[in-house]
Amino acid sequence: MAARGRYGPEASADAFRGLYVTAEQAERSMRRPPGEPLCTQGDSHAAGSEPGWERIAARERGWSWLRTCYGLSEFELDVVLLALAPEVDPRYERLYGYLQDDVNRRLPTVGLVLDLLTVTARERLTARRHFGAEAPLLGRRVLRLVPDPHTEPAPVADRFLVLDEQIVDVLLDQGSLDRRLTAYCELLAPPPAPLADEALYRMVRDAWGRAPLRLYFQGPPGAAQRRTAEALAGALAVPVLAVDTEDILHDDAVLELIFREATLQGALLHLDDVESPCTPALADRLAAYAGVVTLAGSRPWAPTKSRPLGVLTVPCPPGEATRRRTTWRQALAAYGAEAAPADLDALRRAVPPRPHRSRTRCSPPAPPPDCTPRTIRRRPPARPCARSCSPPLAPRPGTS
């Protein structure tokens, strides 16, 4: 009814509505008080509507997270709901086109939201602060304002509201990995299993959901830092969000998505290839993150100059596979040859490791198969050799 009163009763029957403006429509528009919203009757907020935001947040995990994590007011939650509607039902696109007197405006604009959620010109002007660059909706990237390509430069009131994809998935209870992170991240669910390092497990268990904890797994490449993080997540019965940080340590926007994804998934966050000292962008995200994060790198951790992060170093020595791969690489290099990592792994698997031999004591040679245990006990033991495992030399001729 409000839209019919603003645009005239003939608007609904006009096939070219929104494509032109008649003199009568312009005169009707100028008769309206300046800045008057579309809805001027009754309270536009949801205080008397059912269900209210308290009830919605109590039943819906996504809305509860959004409200709590970003501290959104009821007005801001109403804005998010209006922006979400076309994602749920395409019929809202036609409704928004009708309400904005333009069939091409299928998404809500700032102006339409202010029309629907305010009742006076003063309230409308005051509500514009919710769309400032530092306000939670834009400053925390809950949504963004997209100008109409046909009317650039567009005033703020004519810009479309577009929700962040990650926020949409959470509100619609679709728990898959954010599509923008698939090039950098893996979301894994390790099987539950006890962790060999009981002290490390207890440290993380006690901090989980209670206090921030930052662990730095220091070791050479191939020291199983990621497998340690996965085993830790399996012991906690939570997923792990494993991140290859090679190209993103300076990208604050991507880092924000990654840390937010870990929170949404309730996952242990593991960052691979983090060289110390870390970048300012990563330091800021680590300082603001309230969960548990593990980092992997080869150099000793160096504290950042800007702020203390309280990172605890967990040494990760190289595993047997890494040592054997290094041995093959060095042996080939001695002959001027090189091998790809896949070829080194093939050599490591094809040639079994030699049994460990003590450097301080040589083992006696194995007895011949036809010797009985009695004969073996009566034979004098071989004299140990200090530097090699060769049998003792025979005496020279002419010596006693």
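Thresholds applied
- Residues numbered from 1 in each chain as written.
- Predicted model: local features only at pLDDT ≥ 70, side-chain atom pairs only at ≥ 80, totals over all residues.
- Heavy atoms only, no water.
- Pairing = 2+ DSSP bridges.
- Helix = DSSP H or I, 4+ residues; strand = E, 2+ residues; numbered from the N terminus.
- Axes fitted to C-alpha atoms, helices over the stretch in contact; angles between N-to-C directions.
- Buried < 20%, exposed > 50% of the residue type's maximum accessible area, 1.4 Å probe, protein only.
- Contact = heavy atoms within 4.5 Å.
- Expected span 1.5 Å × (residues − 1).
- Core = buried A, V, L, I, M, F, W, Y, C linked by side-chain atoms within 4.5 Å.
- Patch = residues over 30% accessible without salt bridge, like charges linked within 9 Å, V, L, I, M, F, W, Y side chains within 5 Å.
- Areas by Shrake-Rupley, 256 points an atom, 1.4 Å probe, with all protein chains shown as cover.
- Salt bridge = Lys/Arg side-chain N within 4 Å of Asp/Glu carboxyl O.
- Lys, Arg positive; Asp, Glu negative; His and termini not counted.
- Charge placed at Lys NZ, Arg CZ, Asp CG, Glu CD.
- pLDDT = per-residue confidence, 0-100.
- Parallel < 35°, antiparallel > 145°, perpendicular 65-115°, else oblique.
- Left-handed = near helix turned anticlockwise from the far one by under 90°.
- Phe/Tyr/Trp six-rings, centres within 6.5 Å; stacked < 30°, edge-to-face > 60°.

Asks: Account for the sheet that holds strand β7 (residues 292–297), naming residues and giving values.
Replies: Spatially, β3-β5-β6-β7-β4-β8 is the arrangement adopted by the six strands of the open sheet, whose pairing is mixed. Looking at strand neighbours, the two that pair on one side only are β3 (185–188) and β8 (312–315), the edges of this open sheet. Strand after strand, the sheet turns through a mean of 20° between neighbouring axes, direction not considered. The pairing of strand β6 (residues 268–272) with β7 spans three bridges and is classified as parallel. Each bridged residue has a counterpart across the sheet, and for L269 the counterpart in β7 is V293.

Asks: Got a sec to walk through helix α14 (residues 280–288)? Specific residues and values, please.
Replies: Those residues of α14 not exposed but buried are A281, L282, A283 and L286. Next to the buried residues of α14 lie β4 (213–218), α13 (252–265), β6 and β7.

Asks: Talk me through helix α12 (residues 225–236); I want residue IDs and the actual numbers.
Replies: The end-to-end C-alpha distance of α12, which contains twelve residues, comes to 17 Å, matching closely the 16 Å that a straight helix rising 1.5 Å per residue would cover. Those residues of α12 that sit buried are Q225, A229, L232, A233, G234, A235 and L236. Where α12 is buried, its residues contact α11 (198–207), β4, β5 (240–244), β6 and β7. Two residues or fewer after α12 comes A237, characterised by a positive phi angle close to 60°.

Asks: Explain the nonpolar core to me, using residue names and the numbers behind them.
Replies: If you look at the biggest cluster of nonpolar residues, it comprises 36 residues, and the most contacted ones within it are W63, L66, V79, V80, F131 and L161. No other element matches helix α5 (residues 74–88), which puts eight residues into this core. Other than its neighbours up to four places away in sequence, V79 contacts V113, L117, F131, L137, L143 and L161. One finds I258, A262, L282 and A283 within the second-largest nonpolar core, a separate group that totals 29 residues.

Asks: Quick rundown of a negative patch on the surface? Include the residues and the values.
Replies: A cluster of acidic residues, D244, E246, D247 and D273, forms a negative patch on the protein surface. Position of D273 relative to the elements: it lies in the loop between β6 and α14.

Asks: Provide a residue-level description of the confidence of the model for the protein, including the pertinent values.
Replies: In the predicted model, the protein carries a mean pLDDT of 79, and the fraction of residues at 70 or more is 73%. Within the protein, strand β2 (residues 160–163) carries the highest mean pLDDT (96), whereas helix α17 (residues 373–378) carries the lowest (38). Below pLDDT 50 for its whole length, residues 43–48 participates in eight contacts with residues either more than four positions away or in separate chains.

Asks: If you had to explain the packing of helix α4 (residues 61–70) against α13 to someone new, which residues and values would you point to?
Replies: Each pair of packed helices can be summarised by the angle the axes make with each other and by the distance between the axes. Between α4 and α13, whose axes approach to 12 Å, the crossing angle comes to 130°. As summarised for this structure, α4 and α13 are arranged oblique, according to the angle between their axes. For α4 against α13, the interelement crossing comes out right-handed. For the pair α4 and α13, contact is made by R61, W65 and Y70 and by R260, T263 and L264, respectively.

Asks: Explain the packing of aromatic side chains to me, using residue names and the numbers behind them.
Replies: Across all of its chains, the model carries five aromatic pairs by this definition. Measuring from centroid to centroid gives 4.8 Å for W53 and W63, while their planes differ by 50°, and the two rings are tilted. Of this pair, W53 sits in helix α3 (residues 53–59) while W63 sits in helix α4, and the two are ten residues apart along the sequence. Using a relative accessible area of 5% as the deciding quantity, one classes W53 as buried. Look at Y92 and Y96: their rings are 6.3 Å apart centre to centre, the planes differ by 45°, and that puts the pair in the tilted class. Taken as a pair, Y92 and Y96 lie in helix α6 (residues 91–99) at a separation of four residues, close to a single helical turn.

Asks: Please give an account of the side chain of D169 that cites residues and values.
Replies: By the element assignment, D169 lies in helix α10 (residues 165–171). Residue D169 is classed as buried on the basis of its relative accessible area of 6%. The contacts of D169, once residues within four sequence positions are left out, are Q174 and R179.

Asks: Tell me about the pattern of salt bridges, residues and numbers included.
Replies: Counted by the stated rule, this structure contains 19 salt bridges. One salt bridge in this structure joins D169 and R179, with 3.5 Å as the shortest N-O distance. Of this pair, D169 sits in helix α10 while R179 sits in the loop between α10 and β3, and the two are ten residues apart along the sequence. The closest approach of N and O atoms between R285 and E256, which form a salt bridge, is 3.9 Å. Highlighted residues: R285 in helix α14 and E256 in helix α13, separated in sequence by 29 residues. We classify R285 as partly exposed; its relative accessible area is 21%.

Asks: Got a sec to walk through the environment of G310? Specific residues and values, please.
Replies: With respect to the secondary-structure elements, G310 resides in the loop between β7 and β8. Along the backbone, G310 and L286 are 24 residues apart, and their C-alpha atoms lie at a distance of 9.9 Å.

Asks: So what's going on with the side chain of D89? Residues and values would help.
Replies: Mapped onto the secondary structure, D89 falls in the loop between α5 and α6. D89 gets classed as buried once you look at its relative accessible area, which sits at 18%.

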